[in-house]
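# Survey of secondary and tertiary structure
Residue-level listing of the chains:
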Amino acid sequence: MPAKRRVAQLVMLALAVLIVMGAYANVGLAVDGRVPAGMLAYGLGLGGIMLVAYLVLAKFAPWADPLILPLVTLINGLGLVMIYRLESAKMPGASAANQIMWTGLGVVMFAATLVVLRDHRMLQRLTYTAGAIGLVLLAIPALLPGSLSEVQGAKIWIRIGGFSIQPGEFAKLALVVFFAGYLVAKRDVLALAGRRLLFIDLPRARDLGPVLATWGLSLLVLVFEKDLGTSLLLFGTFIAMIYIATQRTSWVLIGLLLFVGGAYLAGLAFSHVGDRFEIWLNPGSSEFYDREIGGSYQIMQGLFGFGAGGILGTGLGQGHPELIPLSFSDFIFAATGEELGLTGLMALLMLYALLVERGLRTSLAARDPFSKLLSGGLAFLLAWQVFIIVGGVTNLIPLTGLVTPFMSQGGSALLANWILIALLVRTSDAARRPPPQAIQNEGLTQVFQR
Amino acid sequence: MNSTLKRVSVACLAMFALLMINVNFLQAVRAEELRADARNVRNFYERYSIERGRIIAGGKVIAQSVETDSKRFRFIRQYPDAKLYAHVTGFFSPESASAIEASENKLLDGSSADLLLRRSIDLFTGEPTKGANVEVTINPKAQKAAYDALRQSGKRGAVIAIEPKTGAILAMVSLPTYDPTELSGTDKGKVFGRYDELAKDKDQPLLNRAIGQTYPPGSTFKVVTMAAYLEDDSSRGPDTTVDAPQNLPLPNTNISLPNYGGAACGSGSVTLTYALERSCNTPFGKMGMELGYDKMNEQTEKFGMGTQIGVPMRVEQSDFGKEEDKAALAMASIGQRSNRMTPLQMAMIAAGIANGGTVMKPYLVNKITDAKGDTIDEADPDELTDAVSEETAGKLRQMMVSVVQNGTANLAQVPGVQVAGKTGTAETADGKPPHAWFISFAPADDPKIALAVIVESGAANVGAEATGGHTAAPIAKAVLEAVLTK
């Protein structure tokens, strides 16, 4: 029988805020030799924001997993500290004030989602609406002229005035909802075996449609928006979800084949995709390092950062993470690795792993297929995204640009990810809530009373 | 669906495991390699983030780190008497260093294991790590006198002085010199540009001639030949007479070895003292042939030749030359042919004689103190070799005093001090003017300083026998005076 564990959650939340405040003070002491002036304001700000999140959660989703909110708070807070640290090193573009504002808005979205969406199963009725919204959001940047949608080669923005959002961040949520709803409806058909080939039950050819459609969609994102990361993220998540839904390994194999084929085609068609692969194999070669655009300068700077950090790190404020291009967004993991070292990164990866584990646990405990697929899909999405970007930055896999969830600077991603957490919390609340007592029991009791 | 969910969970676990393993690989295994990558500018900033220790000579700071306003380059190196001490301090450039800055780097930047205790204390008290200070053995008065006197000659050359009893290096000057400040800035382009200029300069200002260059020692080497001759038979002494023909026919050749300028040496049969005073070639050529290659080579080795020496900077190897025929041996015995010595080696020969036959290991670092002034390490004088017996040393000393009093080196006389010395004029193979040499020590009865002076092509305008004495001896005199007179 799950417990609410509200006190434990509040204590962990306070601990997370305290750790972040400590780190924040550490940066100030290292950089300026004193505790930063805005320390109390920032601490109270973050604490206040999280207290609101906690209160909303306690009121509207009291049975939700108590670990999720503290975990996200800590990751989000550490991201804030790193951005503050990079801003103090005069890194152009890094803005801690912006990020804390977006964190606040993110929590507002989190609260709003919990308040408005009392039962996530109503999303199942919006399956095709969600799919349409996802597609439109994904397509907008591709359709807009480059001046309104392109930043540093990636055409993934909507820029109006001084304001810019990344619709793809929200599209991925809508698409997970769509995948979940769609797969619940069609999983029986998709699970039907067509032919058996070497221990593998292959699906019928006509059921390949949805997989091919997603594959095509991913390729379109790649071609028109030059966004390898999102492309890989969407396709991988869909394959994982279809596997969960149909319990057929063949879908994974088909997915892998399509991925390899797509990657090969993309590599042939676009030199920058092929180069990513070559750079991955040999990032240190001067041929790539000295290239002005699309070379390996950035990843090598990131690797130098990891090296400089070593096992214990240089200490917050004492390294040179400002040397790594984009270390406040895509490469924030490298900046963290430099200053907090292997020790810090292991802890950080553990936080992400725990968060994913809580999501998957929710999925296991959920009582209906849609809830299972939705929470399982969201948890996998999170894990897969961390794997793609962290793996890319550490040169485990070829580098594709993606946001490090809750850490990288950027409003759209923060808002979208806080909504993702709200959805997980919502499903978790439903999964852990004790079921209403069965009518038969009441009947038996009545018999005794008579 | 739970069975597949569990499998997906395992896949997620595997992804995180891979990420963790890879981060471990990067930060624990590959960290060293990534840190050392030349393209990693962090090393560059790191060099300037530490307050390096000072280099001190006789209480005088000759290199120090001063704080700047820049965040990236917090400390830069300053050399108060830059050119005077250039070959002692060396430079500290963005990617390299030289001399003491290089050889004592780990102490200066505080990373040495000897400073572990200090560092741990700093860690707890929260103080930034400061490097240790290096006190060198240089006597500022001697250094200045040597530098000024050599500069006055207008030639390239070197002066090196050591304390015979300990081996402490009192002066080390090499000209032309350079300004280490120019090579220690943080503007890589400027520093490397200047370095290239200096490296390509045909006068080689970056070369420390005192320890990094070998020259034919010329007549100063006759002291070694004399030492071997005296050691060979203890009955020989300053008054022993030897043949001193005007020309010494060299066996198996149709040439003969003349005295300098073809002059006669006395009456043709002279005392050893006279031969050394006049620096006659023929008796020493004859002595060398009589002793044979092995004894000559061995005696040179006994003065330290062939021993790898670091002071702590690496010293170029001196060499008596390979065994050839008798004619070659006669030439080598008067410091010509393949005989090549560093100025330091010649100073060690003078110092060995001054110290009763025992050559002390030369050293430049006197003391290491931490930032608080506590001594971490102190030099411990060490015997290098026993060159000659005390008796032989006494005889040599007597003869070398005579050289200064009555012979070729009268310009090295210091009023009130008994100076011992030997001049040299080393012919260079390619027909350039010969080098002027002088080795010396004083006071003769209780030597405080021994030195070697070389002035490259310094014997140009002098036709007389006293060539080495003419240019090199006054420089030696200036240094002796600076050290010995109060």
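What counts, and at which threshold
- Residues numbered from 1 in each chain as written.
- Chains lettered and ligands numbered in written order.
- Predicted model: local features only at pLDDT ≥ 70, side-chain atom pairs only at ≥ 80, totals over all residues.
- Heavy atoms only, no water.
- UniProt positions renumbered as here; feature names shortened; annotations may be inferred.
- Patch = residues over 30% accessible without salt bridge, like charges linked within 9 Å, V, L, I, M, F, W, Y side chains within 5 Å.
- Areas by Shrake-Rupley, 256 points an atom, 1.4 Å probe, with all protein chains shown as cover.
- Salt bridge = Lys/Arg side-chain N within 4 Å of Asp/Glu carboxyl O.
- Lys, Arg positive; Asp, Glu negative; His and termini not counted.
- Charge placed at Lys NZ, Arg CZ, Asp CG, Glu CD.
- Helix = DSSP H or I, 4+ residues; strand = E, 2+ residues; numbered from the N terminus.
- Buried < 20%, exposed > 50% of the residue type's maximum accessible area, 1.4 Å probe, protein only.
- Pairing = 2+ DSSP bridges.
- Axes fitted to C-alpha atoms, helices over the stretch in contact; angles between N-to-C directions.
- Contact = heavy atoms within 4.5 Å.
- Buried area = accessible area lost by both parts, 1.4 Å probe.
- Polar contact = N/O pair within 3.5 Å; in protein donor to acceptor, adjacent residues only side chain to side chain.
- Nonpolar A, V, L, I, M, F, W, Y, C, P; charged D, E, K, R; others polar.
- Parallel < 35°, antiparallel > 145°, perpendicular 65-115°, else oblique.
- Left-handed = near helix turned anticlockwise from the far one by under 90°.
- Phe/Tyr/Trp six-rings, centres within 6.5 Å; stacked < 30°, edge-to-face > 60°.
- Lys NZ or Arg CZ within 6 Å of the ring centre and 35° of its normal.

As recorded in an unreviewed UniProt entry, chain B goes by the name Peptidoglycan glycosyltransferase, listed as coming from Nonomuraea wenchangensis.

Chain A is annotated in an unreviewed UniProt entry as Cell division protein FtsW, lipid II flippase of Nonomuraea wenchangensis. Its UniProt record gives chain A a comment under Subcellular location (unreviewed entry), which states: "Membrane".

## Points about a negative patch on the surface
Residue and element names in this part refer to chain B. Together, D294, E298, E301 and E323 make up a negatively charged patch on the protein surface. In this fold, D294 is placed in helix α15 (residues 293-302). Take D294: its relative accessible area is 55%, and that puts it in the exposed class.

## Here's the deal with the pattern of salt bridges
A complete count under the given rule lists 36 salt bridges over all chains for this structure. Note that R361(A) and E357(A) form a salt bridge whose closest N and O atoms lie 3.2 Å from each other. Residue R361(A) and its partner E357(A) are located together in helix α14 (residues 332-365), separated by four residues, close to a single helical turn. Classification of R361(A) as partly exposed rests on a relative accessible area of 48%. Residue class for E357(A) comes out partly exposed when judged on its relative accessible area of 28%. Ionic pairing is found between D203(B) and R156(B), a salt bridge with its closest N-O pair at 3.0 Å. Here D203(B), found in the loop between α10 (188-200) and α11 (209-212), pairs with R156(B), found in the loop between α8 (140-153) and β5 (157-162); they are 47 residues apart in sequence, far enough to count as distant. Residue class for D203(B) comes out partly exposed when judged on its relative accessible area of 24%. Residue class for R156(B) comes out partly exposed when judged on its relative accessible area of 28%. Overlapping salt bridges, with partners in common, bring together R156(B), K202(B), D203(B), R209(B) and E456(B) in one network.

## Looking at the sheet that holds strand β17 (residues 449-455) of chain B
All names here are of chain B. The sheet built from five strands is open, its strands ordered β6-β5-β17-β16-β15 with antiparallel pairing. If you trace the sheet from one side to the other, it starts and ends with β6 (169-175) and β15 (420-426), each paired once. When the angles between neighbouring strand axes are averaged without regard to direction, this sheet yields 5 degrees. The pairing of β5 with β6 spans six bridges and is antiparallel. By the bridge assignment, I160 is partnered in β6 with M172. Strands β5, β6 and β17 of the sheet are contacted by α8, whose axis makes an angle of about 25 degrees with β6. Lying on the sheet, helix α17 (residues 343-354) is in contact with β5, β16 (435-442) and β17; it crosses β17 at an angle near 150 degrees.

## Some words on the sheet that holds strand β12 (residues 365-369) of chain B
Residue and element names in this part refer to chain B. The strand order across the open sheet formed by six strands is β3-β2-β1-β4-β12-β13, and the pairing between neighbours is mixed. With partners counted over all chains shown, the strands left at the sheet margins are β3 (75-78) and β13 (375-378), one partner each. On average, each strand axis in the sheet is inclined to that of its neighbour by 20 degrees, with strand direction left out of account. Judged from the three bridges that link them, strand β1 (residues 55-57) and strand β2 (residues 60-67) form a sheet pairing that is antiparallel.

## Structural notes on the pairing of β13(B)
All names here are of chain B. Alignment of β12 against β13, held across three bridges, turns out to be antiparallel. Bridge pairing links K367 to E378 in β13. Between the end of β12 and the start of β13, which pair antiparallel, lie five residues, with G373 showing a positive phi angle near 100 degrees.

## Some details on the interface of chain B and chain A
Counting residues at the interface gives 32 residues for chain B and 56 residues for chain A. Both faces combined, the contact of chain B with chain A buries some 3900 Å², and carbon together with sulfur accounts for 72% of it. Between the two partners, chain B and chain A, sit one salt bridge. Linking E338(A) and R42(B) is a salt bridge whose minimum nitrogen-to-oxygen distance equals 2.8 Å. Applying the counting criterion to the chain B and chain A interface returns 12 residue pairs in polar contact (both at pLDDT 80 or more). Those elements that place two or more of their residues in the side of chain B that touches chain A are α1 (2-29), α2 (31-36) and α3 (42-47) of chain B. The element that contributes the greatest number of residues to the side of chain B that touches chain A is α1(B), accounting for 20 residues. Broken down by class, the residue content of the side of chain B that touches chain A amounts to 16 nonpolar, eight polar and eight charged.

## Observations regarding the pairing of β2(B)
All names here are of chain B. The turn joining β1 and β2, which pair antiparallel and follow one another in sequence, is formed by two residues; a positive phi near 50 degrees is taken by G58. As paired elements, β2 and β3 share four bridges and run antiparallel to each other. Each bridged residue has a counterpart across the sheet, and for V66 the counterpart in β3 is I76.

## As for unusual backbone geometry
Here the residue pair L175(B) and P176(B) is connected by a cis peptide bond, since its omega of -5 degrees sits within 30 degrees of zero. Cis geometry marks the peptide bond from V311(B) to P312(B); its omega dihedral reads 10 degrees. Of note, P312(B) is situated in the loop between α15 and α16 (326-333). One non-glycine residue with positive phi stands out, namely N395(A), at about 60 degrees. Along the chain, N395(A) falls in the loop between α15 (369-393) and α16 (411-432). Its relative accessible area of 15% is what places N395(A) among the buried residues. Despite not being glycine, Q204(B) shows a phi value in the positive range, around 50 degrees. Mapped onto the elements of the fold, Q204(B) is located in the loop between α10 and α11. For Q204(B), a relative accessible area of 38% puts it in the partly exposed group.

## Describing the packing of helix α8 (residues 209-225) of chain A against helix α10 (residues 249-269) of chain A
All names here are of chain A. Contact pair α8 / α10: the axes reach a minimum separation of 11 Å and the direction vectors enclose 30 degrees. Judged on the interaxial angle alone, α10 and α8 are roughly parallel. The crossing of α8 and α10 is right-handed. Within the contact between the two elements, α8 uses V211, L212, W215, L219 and L222 and α10 uses W251, I254, L258, F259, G262 and A266.

## Overview of a nonpolar patch on the surface
The grouping of L10(A), L51(A) and L55(A) at the surface amounts to a nonpolar patch, some 260 Å² of accessible area in total. Tracing the backbone through its elements, the reader meets L55(A) in helix α2 (residues 39-60).

## Re the packing of aromatic side chains
One pass over the full model with this rule turns up 25 aromatic pairs over all chains. When the centroid spacing of 5.4 Å and the interplanar angle of 50 degrees are considered together, the rings of Y289(A) and Y297(A) count as tilted. Among the residues examined, Y289(A) registers a relative accessible area of 9% and is labelled buried. Both rings, one in Y48(B) and one in F73(B), keep their centres 5.5 Å apart while their planes meet at 85 degrees; by these two values the pair is edge-to-face. Taken together, the residues span a long stretch of sequence, with Y48(B) in the loop between α3 and β1 and F73(B) in the loop between β2 and β3 at a distance of 25 residues. Assessed through its relative accessible area of 1%, Y48(B) is described here as buried. Taken together, the ring pairs in this structure connect Y128(A), F178(A), F179(A), Y182(A) and F238(A) into an aromatic cluster. A cation sits over an aromatic face here: R47(B) above F92(B), 4.2 Å from the ring centre.

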